[in-house]
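Summary of the model geometry
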Amino acid sequence: MKKISAILIVSLFFLGCKKTQVAMPDSSQWALFRDGAAAPLPYATRQAMEGVYDIAGNDNFGSLAALKWSYVVNGNNDTTYHISGFFGKDIAYFICEGKQLNGQILLSGYWRKMVSTETGIIRFTIDPANGATVLLNPSPVLPTAIILDGLFGNGQDEPKNSITLSHNRPLHNGAAPFNILAHRGGGRNSDLLPVSENSVEMILKTAELGSTGIEIDVRFTKDGIPILYHDNDINLRLTQKSGLVGPIENYTYAQLNAFVRLINGERIPTLRQALSAALYKTPLTFIWLDTKYIGSLERVQALQFEFMELATGLGRPLQIVIGLPAEAQVNMFLELPDYNITPSLCELSLADVERTNSMIWAPRFTEGTQNENVAAIQAQGKKAFVWTLDVPEFIEQFIRDGQFDGILSNFPSCVAYNYYVQQ
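What you see is a predicted model; the values in this text were computed from it and never measured. (Residues numbered from 1 in each chain as written. Predicted model: local features only at pLDDT ≥ 70, side-chain atom pairs only at ≥ 80, totals over all residues. Heavy atoms only, no water.)

Our next topic: the overall build of the chain. A tally of helices and strands in the chain yields twelve helices and 20 strands. Against the 2.2 N^0.38 benchmark of 22 Å for 423 residues, the chain shows a C-alpha radius of gyration of 23 Å, consistent with a compact globule. A buried classification covers 52% of the 423 residues belonging to the chain. Summarising the internal contacts of the chain: among those between residues at least 6 apart in sequence, 59% fall at separations of at least 24. Accessible surface, the chain: about 18400 Å² in total, of which carbon and sulfur atoms supply 54%. (Helix = DSSP H or I, 4+ residues; strand = E, 2+ residues; numbered from the N terminus. Rg over C-alpha atoms; globule rule 2.2 N^0.38 Å. Buried < 20%, exposed > 50% of the residue type's maximum accessible area, 1.4 Å probe, protein only. Contact = heavy atoms within 4.5 Å. Areas by Shrake-Rupley, 256 points an atom, 1.4 Å probe, with all protein chains shown as cover.)

Okay, the pattern of salt bridges next. Under the counting rule described, the total for this entry stands at 17 salt bridges. Put simply, aspartate 217 and lysine 292 hold a salt bridge, and the shortest N to O gap is 3.9 Å. Here lysine 292 lies in the loop between β15 (286-291) and α7 (298-313) and aspartate 217 lies in strand β11 (residues 213-220), a separation of 75 residues in the sequence. Its relative accessible area of 0% is what places aspartate 217 among the buried residues. (Salt bridge = Lys/Arg side-chain N within 4 Å of Asp/Glu carboxyl O.)

What follows deals with helix α12 (residues 412-420). With nine of its nine residues buried, α12 lies for the most part within the structure. Every buried residue of α12 is accounted for by Pro412, Ser413, Cys414, Val415, Ala416, Tyr417, Asn418, Tyr419 and Tyr420.

Under the criterion given, the structure shown has 15 aromatic pairs. With 6.0 Å between their ring centres and 10° between their planes, tryptophan 30 and phenylalanine 33 make a pair best called stacked. Since its relative accessible area comes to 13%, tryptophan 30 is described here as buried. Geometrically, the ring pair formed by tyrosine 419 and tyrosine 420 is edge-to-face, given 5.4 Å between the ring centres and 70° between the ring planes. By relative accessible area, which is 8% here, tyrosine 419 ends up buried. Clustering of aromatic rings is evident, with ring pairs tying together Phe61, Phe87, Phe94, Trp111, Phe124 and Phe152. (Phe/Tyr/Trp six-rings, centres within 6.5 Å; stacked < 30°, edge-to-face > 60°.)

Inspection of the secondary structure puts glycine 224 in the loop between β11 and β12 (226-228). Take glycine 224: its relative accessible area is 14%, and that puts it in the buried class. Here the alpha-carbon distance between glycine 224 and proline 42, two residues 182 residues apart in the chain, equals 45 Å.

A few words on the environment of glutamate 97. By the element assignment, glutamate 97 lies in strand β5 (residues 92-101). Each C-alpha atom of the pair glutamate 97 and tyrosine 81 lies 6.3 Å from the other, and the pair is 16 residues apart in sequence. Contact partners of glutamate 97, with chain neighbours within four places excluded, come to Phe33, Thr80, Tyr81, His82, Leu106, Leu107 and Ser108.

A few words on empty space enclosed by the protein. In the structure shown here, the tally under the stated rule is one cavity of 30 Å³ or more. Looking at the largest cavity, its volume works out to about 50 Å³. Along its surface, the largest cavity is lined by Tyr93, Met114, Gly186, Leu193, Leu209, Asn410, Phe411, Pro412 and Ser413. Classifying every residue of the lining of the largest cavity gives six nonpolar, three polar and no charged. (1 Å grid on protein atoms, 1.4 Å probe; cavity = no way out; pocket = protein on both sides within 12 Å on 5 of 7 lines; lining within 4 Å. Points joined across faces, edges and corners; volume = space filled by probe spheres on them. Nonpolar A, V, L, I, M, F, W, Y, C, P; charged D, E, K, R; others polar.)

Residues at a pLDDT of 70 or more form 96% of the chain, whose mean pLDDT is 94. Contacts from residues 1-17, a stretch scored under 50 in pLDDT, to residues over four places away or in other chains number three contacts. (pLDDT = per-residue confidence, 0-100.)

A word on the pairing of strand β2 (residues 51-56). Pairing geometry for β2 and strand β3 (residues 64-73), over four bridges, is antiparallel. Along β3, the bridge assignment pairs valine 52 with alanine 66. Two strands pair when backbone bridges link them, and β2 and strand β9 (residues 161-169) are joined in this way by five bridges, in the antiparallel orientation. Bridge pairing in β9 places tyrosine 53 opposite histidine 167. (Pairing = 2+ DSSP bridges.)

Let's shift gears to the packing of helix α11 (residues 392-401) against α12. Running from N to C, α11 and α12 point in directions that differ by 40°, and their axes come no closer than 9 Å. Relative to α12, the element α11 lies oblique. Here the hand of the crossing between α11 and α12 comes out right-handed. On α12, the residues touching Pro392, Ile395, Glu396 and Ile399 of α11 are Cys414, Val415, Asn418 and Tyr419. Split into classes, the residues belonging to the contact of α11 with α12 amount to six nonpolar, one polar and one charged. (Axes fitted to C-alpha atoms, helices over the stretch in contact; angles between N-to-C directions. Parallel < 35°, antiparallel > 145°, perpendicular 65-115°, else oblique. Left-handed = near helix turned anticlockwise from the far one by under 90°.)

Which parts of space are left empty comes out when a probe the size of a water molecule is rolled across the atoms. One number sums up the size of the largest pocket: a volume of about 900 Å³. If you trace the largest pocket, you find 34 residues lining it, with Lys68, Thr212, Pro283, Thr285 and Tyr420 closest to the centre. Counting only elements with at least two residues in the lining of the largest pocket, the list comes to α2 (43-49), β3, β19 (383-386) and α12. When residues in the lining of the largest pocket are grouped by element, the largest group, four residues, is from β3. Its residues assigned to classes, the lining of the largest pocket comprises 19 nonpolar, eleven polar and four charged. In this structure, the second largest pocket spans a volume of roughly 260 Å³.

Turning to a nonpolar patch on the surface, a few remarks are in order. A contiguous nonpolar surface patch, about 280 Å² in accessible area, is contributed by Tyr280, Leu310 and Leu314. Assignment of secondary structure puts tyrosine 280 in helix α6 (residues 271-281). (Patch = residues over 30% accessible without salt bridge, like charges linked within 9 Å, V, L, I, M, F, W, Y side chains within 5 Å.)

So, in structure tokens, the structure goes:
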């Protein structure tokens, strides 16, 4: 009995100490950035700053960085803009806010390496002579020399390590839009992101990580509410201790909302909440609804049509597709009376794509680049995505040698880097 008790105590200790996220450093202590006279950056300035930059002064992040802006609409209808830098080493990135002060451009935020738990504060300054004067002009005339003088640190340490970014060229922009799709709304819990997979909070963050679209997992509650949740059961991989066990479909939405919290404290969102957040608060342009259940697709289809119509009314590009990962879901889809005009994505054979009239074919990456099949799909006016690519070397290979229209990954920042630095 003593031995069993000891095992239980040790088990509870490790469960209680389980690491759920990497603690992001507090980057708000830069007095210059907090100066009351510091003002937001204009739209034209932000757009002109995007590009591929050479890195000098430090080899911690590689030799190139791709810089791109994103936004998120806050609860008070204010919009926060972030500039993200995607690096070629260790799946590293930085996320900063930007301001202007006394003719300078200031960037303040944090960096993170996804291959580890390394993180720290990072700051950049663009002086008037290094491009700030041109960038702050109401109509910036490029090209001009743009140099970001930076410092970064480790953890909460004051940044002291030098890094310099020098503008090299514009971001790669293909003839057709390329979809950078984030798995589970933006990334997995196992990667220790500051928000939980398949949460509204993750959807609001994912554009900072390079995503242009998301894949989210759809299940139903006992009372028929479509929600976001990946696994079959309530478990400690996805949720905090709650006392509820077993299939998530055994509980009503009210029960889940009252008693269950995701691993980082968020509530399990309804599909409606997720689609609303993506539409009204992010720049995302694509949503892949991965159906994780067996049953009618009518409610999912109704939400799909509703939010695509709302997006059209706003003049907002947003494509929402029903994912068909297996034969069971294909059969469910074919039961819809108007399946042939319902946007869908099929992970099965080319024949199944034709049978379902899916607009997208999405094979797994283990089948290779399949350029001949991809070309055949594209010749029909359809698209081809590949999933789930996480190894940097494979991501680089598929972008370099493949012809896919999009990549689904747990590391959208890595996809963004490899896509944007192409020449």
